[in-house]
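Descriptive analysis of the structure
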Amino acid sequence: MAKFPELEALKSELLEQIEGAKNLAALEQVRIAALGKKGKISEQMAKLGTLPAEQRREFGQATNTVKAAVTEALEARKAVLEAAELEARLASERDDITLPVRLGPLAEGRIHPVSQVFDEVIEIFADMGFSVAEGPDIETDDYNFTKLNIPEEHPARQEHDTFYLRETTAADGSNRPRMLLRTHTSPVQIRTMLSQKPPIRIIAPGRVYRCDSDQTHTPMFHQIEGLVIDESTHLGHLKWCLEEFCKAFFEVDEVKMRFRASHFPFTEPSMEVDIDAAAIGKPGHWLEILGSGMVHPNVIRNCGLDPEKYQGFAFGMGLDRIAMLKYGIPDLRDMFAADLRWMKHYGFLPIDVPTLAGGLSS
Ligand code: DAH
């Protein structure tokens with residue numbers, strides 16, 4: 001090859017470029033510049049035809065030798081660069097499996113105590129054979145008051161601090177019945193008796209609204225209504241049912257209860273129920289937890305049922321209140337402040353679904 005110094009120079013030039021290629025893309029550029037159709041080695045090959053016949057063979061061989069050396073160097077450099085790139089990727093994509101596990105949404109999210117207590121109460125009453133009934137938050141005056149034996153001008157209407165909706169007129173100019181935000185879940189009693197035949201055994205959990213706000217009152221809160229209507233249910237059943245509920249809900253074997261004579265227009269007789277605070281580990285005083293009674297014959301009649309034939313009991317319970325008692329929550333307003341720190345403290349893990357078999361609150 002000493003005969004062809006230009007080939008010798010080309011070879012060293014190309015080998016130097018190959019060694020100098022910093023990455024695979026640069027190496028590919030070098031390869032194209034050397035061996036591509038218009039590459040420097042291809043250029044030399046093309047010269048062959050212009051040479052005198054006696055030189056061709058030797059020049060051809062010499063060029064092929066250069067080509068072989070360059071090809072070999074390209075492959076060797078490629079292998080080195082590929083290995084280096086793989087190393088770099090492995091280093092940058094390495095996972096440190098000793099880092100602490102990031103908590104997923106299941107462990108981050110919390111169930112609000114109100115939702116938790118809804119689930120607990122539903123679980124207990126479902127086990128006793130009650131089903132869940134629902135009614136709308138926007139009610140008619142008729143269902144919220146009149147059919148519940150609270151006629152117009154009845155003083156109980158004033159006690160409820162009702163939010164009324166603006167009056168609207170129908171297409172014919174007449175006034176539509178004035179709507180309101182239900183002040184209690186009792187209208188679901190009416191809706192149920194109007195739409196189902198006895199025997200009836202329902203609970204109705206939901207939101208209720210009253211224009212009131214302080215440490216123990218918020219304009220929106222939650223109640224759970226109970227209603228049993230058949231031909232033979234009496235006061236003894238009501239007491240048994242509420243006792244069983246309290247034991248299950250507060251997760252204790254015994255609860256001392258006090259049934260106090262009271263007055264509600266939709267029950268006769270009416271009773272307010274207190275429990276001994278020993279149930280929540282603070283013995284020594286009574287806590288009022290609900291109102292109840294035997295459904296007033298007028299209410300049964302207002303729903304198209306015969307009060308001579310049908311009877312039963314009803315109760316209404318403040319859900320937020322029993323949640324606060326059970327879980328030691330001091331201020332009702334915090335329940336609805338949407339403060340994540342509060343939720344972390346008082347909330348429940350989503351996977352801890354309350355069941356009687358597995359434990360309500362564990
Ligand atoms: N609706 C009543 C209230 O909100 C609570 C209540 C009392 C409901 C007695 C009842 C009942 O079903 O029988 O103050």
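Above this note sits the structure.
Here the structure is a predicted model, which is why all the values come from computation and not from measurement.

Some details on the overall build of the protein
Scanning the protein for helices and strands turns up 13 helices and nine strands. Relative to the globule expectation of 21 Å for 362 residues, the C-alpha radius of gyration of the protein, 42 Å, shows a markedly less compact shape. Dimensions of the protein, computed from C-alpha atoms along their principal axes, come out at roughly 130 × 60 × 40 Å. Here the protein holds 362 residues, and the buried ones make up 40% of them. A separation of at least 24 residues holds for 66% of the contacts in the protein among residues at least 6 apart in sequence. With an accessible surface of roughly 20300 Å², the protein has 53% of that area assigned to carbon and sulfur atoms. The centroid of the 41 positive side-chain charges in the protein is displaced by 8 Å from the centroid of its 55 negative side-chain charges.

Looking at the environment of glycine 281
Here glycine 281 is to be found in the loop between strand E7 (267–276) and strand E8 (286–295). Exposure remark for glycine 281: the relative accessible area of 58% places this residue in the exposed category. For the pair glycine 281 and lysine 326, spaced 45 residues apart in sequence, the C-alpha separation works out to 9.7 Å.

Focus: the pattern of salt bridges
Tallying each qualifying case throughout the model produces 17 salt bridges. Here aspartate 142 and lysine 147 are joined by a salt bridge, their closest N and O atoms 2.8 Å apart. A salt bridge links lysine 247 to glutamate 244, with the shortest nitrogen-to-oxygen separation between them at 3.4 Å. With lysine 247 and glutamate 244 both in helix H10 (residues 235–250) and three residues apart, this pair spans about one turn of that helix. Salt bridges sharing common partners tie together Arg258, Arg260, Glu272, Asp274 and Glu288.

Observations concerning unusual backbone geometry
Keep in mind that most residues, glycine aside, have a negative phi and that most peptide bonds are trans. A cis amide bond links proline 198 to the next residue, proline 199, at an omega of 5 degrees. Among the secondary structure elements, proline 199 is positioned in the loop between helix H9 (187–195) and strand E4 (200–209). In this structure, proline 269 follows glutamate 268 across a cis peptide bond, with omega equal to -5 degrees. Phi is positive for asparagine 149, close to 70 degrees, though the residue is something other than glycine. Along the chain, asparagine 149 turns up in the loop between helix H7 (141–144) and helix H8 (155–159). The phi angle at glutamate 251 is positive, at roughly 55 degrees, despite the residue not being glycine. Note that glutamate 251 resides in the loop between H10 and strand E6 (257–264). The exposure class assigned to glutamate 251 is partly exposed, which follows from its relative accessible area of 36%.

Considering the pairing of E4
Of all 10 residues making up E4, eight are buried, and the element is well covered by its neighbours. When strand E1 (residues 131–132) meets E4, the two strands line up parallel, connected through two bridges. Paired with valine 132 across the strands is isoleucine 203, a residue of E4. Note: E4 against strand E5 (residues 220–230), 10 bridges, orientation antiparallel.

Section: the pairing of E6
Here seven bridges tie E6 to E7, and the two strands are oriented antiparallel to one another. Paired with phenylalanine 259 across the two strands is valine 273, which belongs to E7. Counted along the chain from E6 to the antiparallel partner E7, the turn is two residues long.

Structural notes on the nonpolar core
Ranked by internal contacts, the top residues of the largest apolar core, which has 45 residues, are Val121, Phe125, Phe245, Ile275 and Phe315. Broken down by secondary-structure element, the contributors of at least two residues to this core are helix H6 (113–127), E5, H10, E7, E8, strand E9 (311–318), helix H12 (319–327) and helix H13 (340–346). Looking at this core, the element that brings in the most residues is H10, giving seven residues. Sequence-distant contacts of phenylalanine 125, that is, excluding residues within four places in its chain, are made with Phe130, Ile203, Cys241, Phe245, Phe315 and Met317. Membership of the second largest hydrophobic core comes to 23 residues, among which are Ala133, Val188, Leu227 and Phe266.

Examining the site of the ligand
Around the ligand, the structure places 15 residues, and the nearest of them are His184, Ser186, Arg210, Gln223 and Glu225. Here the ligand has 360 Å² of accessible area as a free molecule, and 91% of this is covered by the chains. Judged by its atoms lying within 2 Å of the grid points, the ligand is housed in the largest pocket. At the level of elements, E5, E8 and E9 are the ones that each hand at least two residues to the shell around the ligand. Taken together, the residues that form the shell around the ligand break down as four nonpolar, nine polar and two charged.

Regarding the packing of aromatic side chains
Given two aromatic rings, their pairing is described by the distance between the two centres and the angle made by the two planes. Applying the stated rule across the entire model yields nine aromatic pairs. Ring centres of tyrosine 327 and phenylalanine 348 lie 4.9 Å apart, and the angle between their planes is 70 degrees; on these two criteria the pair is classed as edge-to-face. With tyrosine 327 in helix H12 and phenylalanine 348 in the segment after H13, the pair connects residues that are 21 residues apart, well separated along the chain. Ring pairing ties together the aromatic residues Phe125, Phe130, Phe245, Phe249, Phe250 and Phe315, which thus form one cluster. Against the face of phenylalanine 249 rests lysine 326, its NZ or CZ located 4.6 Å from the ring centre.

What counts as what
- Residues numbered from 1 in each chain as written.
- Predicted model: local features only at pLDDT ≥ 70, side-chain atom pairs only at ≥ 80, totals over all residues.
- Heavy atoms only, no water.
- Helix = DSSP H or I, 4+ residues; strand = E, 2+ residues; numbered from the N terminus.
- Rg over C-alpha atoms; globule rule 2.2 N^0.38 Å.
- Buried < 20%, exposed > 50% of the residue type's maximum accessible area, 1.4 Å probe, protein only.
- Contact = heavy atoms within 4.5 Å.
- Areas by Shrake-Rupley, 256 points an atom, 1.4 Å probe, with all protein chains shown as cover.
- Lys, Arg positive; Asp, Glu negative; His and termini not counted.
- Charge placed at Lys NZ, Arg CZ, Asp CG, Glu CD.
- Salt bridge = Lys/Arg side-chain N within 4 Å of Asp/Glu carboxyl O.
- Pairing = 2+ DSSP bridges.
- Core = buried A, V, L, I, M, F, W, Y, C linked by side-chain atoms within 4.5 Å.
- Near = heavy atom within 4 Å.
- 1 Å grid on protein atoms, 1.4 Å probe; cavity = no way out; pocket = protein on both sides within 12 Å on 5 of 7 lines; lining within 4 Å.
- Sits in = over half its atoms within 2 Å of the grid points.
- Nonpolar A, V, L, I, M, F, W, Y, C, P; charged D, E, K, R; others polar.
- Phe/Tyr/Trp six-rings, centres within 6.5 Å; stacked < 30°, edge-to-face > 60°.
- Lys NZ or Arg CZ within 6 Å of the ring centre and 35° of its normal.

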